[in-house]
Amino acid sequence: MKQSIILVSLICCLTISACGSSSTPRQQSGKPFQTDAYSLKSSPLENNVPVADGLDEATSEIGYEGILRIEHGKLLPMLNYSEMRSSDYTNENNDIQRFCVYVETDHDTDNDGKADLVKAFVQVPTAAVDGKYKAATIYDPTPYAAGTVNSEYFSEAEGEKYTYLEKPFDYEKLYKAGEKRTPSGDMSTKEAALCANPDDWDYTIAKTGQLSYEYGIELDYYLVRGYAIVEACGIGTFGSEGFELCGTDLERDSHKCVVEWLTGDRIAFTDKENNIEIKADWSNGKVAMTGCSYGGTLPYEVATTGVKGLETIIPYAGIASWYDYTNSQGVPLRSDPSYKHALALYNCGGVFLDDDWTVLNDEYRSWLWQVEQDEDVANGKYTQIWAESDYSDDYEKINCSALIIQGLNDINVNTRQAQLMYNAFKKANKTVKLVLHQDGHATIRNIMVDNEPWLEIENKWLAHYLYGVDNGIENMAEITAQNNITGEFDEYDSFGKYKKCVIYPEESDSKTDVTSEGLGDYTISYYPDSEFPVEEMENFYLEMPISNAAIYDVDIPEGATISGVPEIHAKLSTPNTDLEGLMITAVLIDTVDEGKLFDAYICYKEDENLLPSKDIDVVDIGGGAEPIVIVEPEQTPTTAKCISHGWTDLANPGRGPKSSEYAESEDLQTGKYYDYTFYMIPTVYTVEKGHSLKLLLMTWDPYIVFLDENFFYEEEIPDRLDDYNYSYVIDNKSLYAELPLIAE
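Residues numbered from 1 in each chain as written. Predicted model: local features only at pLDDT ≥ 70, side-chain atom pairs only at ≥ 80, totals over all residues. Heavy atoms only, no water.

Chemist: I keep staring at unusual backbone geometry and nothing clicks. Help me out?
Modeler: Excluding glycine, a negative phi dihedral is what most residues carry, and trans is how most peptide bonds are arranged. Here Asn379, not a glycine, exhibits a phi torsion of approximately 50 degrees, which is positive. Mapped onto the elements, Asn379 comes out in the loop between α8 (362-376) and α9 (384-387). Assessed through its relative accessible area of 26%, Asn379 is described here as partly exposed. Even without glycine at this site, Asn429 takes up a positive phi of about 60 degrees. Of note, Asn429 is situated in the loop between α10 (415-427) and β18 (432-437). (Helix = DSSP H or I, 4+ residues; strand = E, 2+ residues; numbered from the N terminus. Buried < 20%, exposed > 50% of the residue type's maximum accessible area, 1.4 Å probe, protein only.)

Chemist: So what exactly am I meant to see when it comes to the packing of aromatic side chains here?
Modeler: Each aromatic ring pair is characterised by the separation of its centres together with the angle its planes make. Considering all chains together, one arrives at 28 aromatic pairs under this definition. Centre to centre, the rings of Phe243 and Tyr364 are 5.0 Å apart; their planes meet at 55 degrees, and the pair counts as tilted. One end of the pair, Phe243, is in the loop between β10 (228-232) and α4 (249-262); the other, Tyr364, is in helix α8, with 121 residues separating them in the sequence. Geometrically, the ring pair formed by Tyr323 and Tyr382 is edge-to-face, given 5.2 Å between the ring centres and 80 degrees between the ring planes. One end of the pair, Tyr323, is in helix α6 (residues 322-326); the other, Tyr382, is in the loop between α8 and α9, with 59 residues separating them in the sequence. For the residue pair Tyr323 and Tyr382, the accessibility class agrees, reading buried in each case. Each residue in the set Tyr89, Phe121, Trp201, Tyr203, Tyr213, Phe238, Phe352 and Trp357 is aromatic and connected to the rest through ring pairs, giving one cluster. The ring of Tyr81 is capped by Arg98, whose NZ or CZ atom sits 5.7 Å from the centre of that ring. (Phe/Tyr/Trp six-rings, centres within 6.5 Å; stacked < 30°, edge-to-face > 60°. Lys NZ or Arg CZ within 6 Å of the ring centre and 35° of its normal.)

Chemist: Explanation requested: the confidence of the model for the protein chain in the structure shown.
Modeler: For residues with low pLDDT, the predicted coordinates do not support detailed interpretation. Across the protein chain, the average pLDDT comes to 86, with 85% of residues at 70 or higher. Contacts from residues 1-48, a stretch scored under 50 in pLDDT, to residues over four places away or in other chains number 183 contacts. This stretch, residues 51-60, has a pLDDT under 50; its non-local contacts, to residues over four places away or in other chains, come to 33 contacts. (pLDDT = per-residue confidence, 0-100. Contact = heavy atoms within 4.5 Å.)

Shown next as structure tokens:
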């Protein structure tokens with residue numbers, strides 16, 4: 001009988017309208033920074049939209065003329081900002097109209113007989129509502145914005161209300177068509193805004209104190225420039241109907257429906273009860289989707305539908321494949337590879353049966369249990385349930401452009417996700433640009449790129465794709481990557497070309513044995529408090545006992561830049577052919593001579609996954625909106641820096657880079673050597689002259705996974721690790737690297 005190894009992750013990923021019934025940037029102090037002077041002539045613009053010409057530079061208070069202002073190929077402030085949380089908020093005499101609508105979908109996922117409604121919080125410049133111009137829309141679909149189900153809801157006394165219901169669930173039930181509502185009347189945006197209730201968008205979640213719709217604050221910069229801002233969190237989230245079905249096509253379609261409403265192809269209502277229809281009569285039918293993390297994942301999802309009106313997406317740290325988020329080359333990277341069910345539960349405020357969020361729908365509890373079962377039973381294999389949430393392999397209908405932003409030091413959503421979707425857009429023959437920065441799990445709307453605030457560059461992208469401004473932004477470099485040495489942003493036409501690099505063992509032996517035995521003891525001795533600071537990762541690896549890790553030197557040209565997916569090739573053999581879950585790990589580490597230090601970008605505080613930074617300026621974004629602090633990521637002195645990781649399973653020899661190749665494992669023969677390739681996390685990294693590139697090979701990776709989900713809580717775990725011990729032998733002569741290199 002085979003014995004399974006359970007893996008545990010150390011890294012966490014991730015009311016009614018009145019008319020009827022990602023993360024914000026780090027805010028620091030600094031001196032004012034003015035954006036470009038606003039006095040030149042306008043750029044060409046589609047649709048004959050009124051545009052101001054020869055205007056003065058932006059100030060906190062500007063004259064509101066109800067026309068777009070364009071200069072240097074980007075939009076300028078054109079209205080006075082108002083706070084959405086003001087105690088005496090009103091849309092009267094306001095340059096911005098705020099209200100909520102409820103978009104009707106096609107499916108009845110909660111089985112109440114009616115098609116699910118999705119709540120959308122809309123902010124539109126009054127000039128567009130008054131018909132002076134048609135506004136383009138920036139749509140942030142971040143589910144967290146409506147309100148999350150914090151762990152405080154899962155107290156022991158109430159736990160039974162939230163435990164998954166161990167009852168088989170038939171997924172087909174979710175696809176039942178819901179009865180469509182017959183409009184009982186209609187209302188214009190202007191009429192709906194006049195009777196809007198601020199409580200619909202300004203509320204606090206019980207028990208947690210979370211404020212609603214906080215993620216849209218980053219988009220105030222665009223609101224004062226004449227864009228409409230829409231935040232809709234999807235089915236099953238608080239204020240919406242249906243089930244929160246993270247990662248599924250039904251979740252995708254609920255957001256697609258919002259885009260269709262903005263283009264005039266779908267119905268929405270002013271509230272859930274009265275069936276009063278409302279059209280997006282202010283919309284020019286052009287939409288961009290943007291968000292970070294889960295909010296950056298949904299633009300990928302919707303882009304694969306090819307929905308009309310979605311002109312571009314700007315995802316930050318989005319997930320392209322849920323399989324590759326929780327697995328790697330046939331091996332799970334956490335004890336709960338079915339992470340989607342946990343994220344769905346975290347955002348399912350709309351599925352509770354009471355206003356106090358104490359009773360969860362039993363059918364939904366059953367769905368949560370079924371998803372967990374189906375993904376867990378895969379145990380690292382690429383099964384159908386994973387294929388259904390792999391957007392990178394569903395590119396045929398993509399019909400928009402993409403500006404993909406990803407942190408090179410993001411240990412939550414790593415660069416593989418961005419590369420997968422970059423390749424998908426390439427296959428679809430659509431314009432796509434990739435921007436790689438040195439920070440972690442974050443947006444970059446508060447940093448400078450080539451002496452220009454990133455917001456101004458993003459502004460040009462949106463102006464081009466949503467308002468037709470001819471500014472040449474579509475010709476920006478294919479790949480823009482922040483240099484790990486200088487901090488400057490370098491431009492590339494493509495990733496590097498592969499070069500075979502020799503790997504030398506530190507010892508002259510022809511074979512090297514690596515075992516997991518003692519790795520748990522070493523880990524506990526190194527981190528007795530069970531905390532794993534990211535900044536100590538390199539030393540933890542390099543000081544590992546020689547029985548637990550084999551370390552090699554990689555021959556790489558001096559000053560070369562690794563740009564793309566490093567590949568490590570090896571022949572390995574294992575005596576433990578009766579076990580499952582035989583994770584093997586490869587790590588590339590940049591090092592210098594002992595005792596020397598060099599500066600590197602290293603994330604601190606694992607729960608934040610961000611670089612240390614200093615404030616350098618403040619951008620006055622105009623219109624009286626809150627200014628944005630510009631920060632500069634800082635480097636840290638270190639003796640080593642991890643460049644890339646790779647993980648696979650000994651039971652998956654001879655496989656290629658596509659996740660679909662890992663649908664089945666192989667029965668191994670004891671003592672037989674098999675070919676393995678680690679397709680490592682993509683990177684853009686320059687190995688400085690005088691540095692050495694090390695390769696480390698080991699069994700399970702304590703910084704990513706553990707062998708038992710109770711590792712942190714039971715001191716006797718090391719005694720039980722004997723049950724999980726396994727080893728493998730490396731044929732050192734077979735080792736070589738294929739590195740995508742850009743010469744100095």
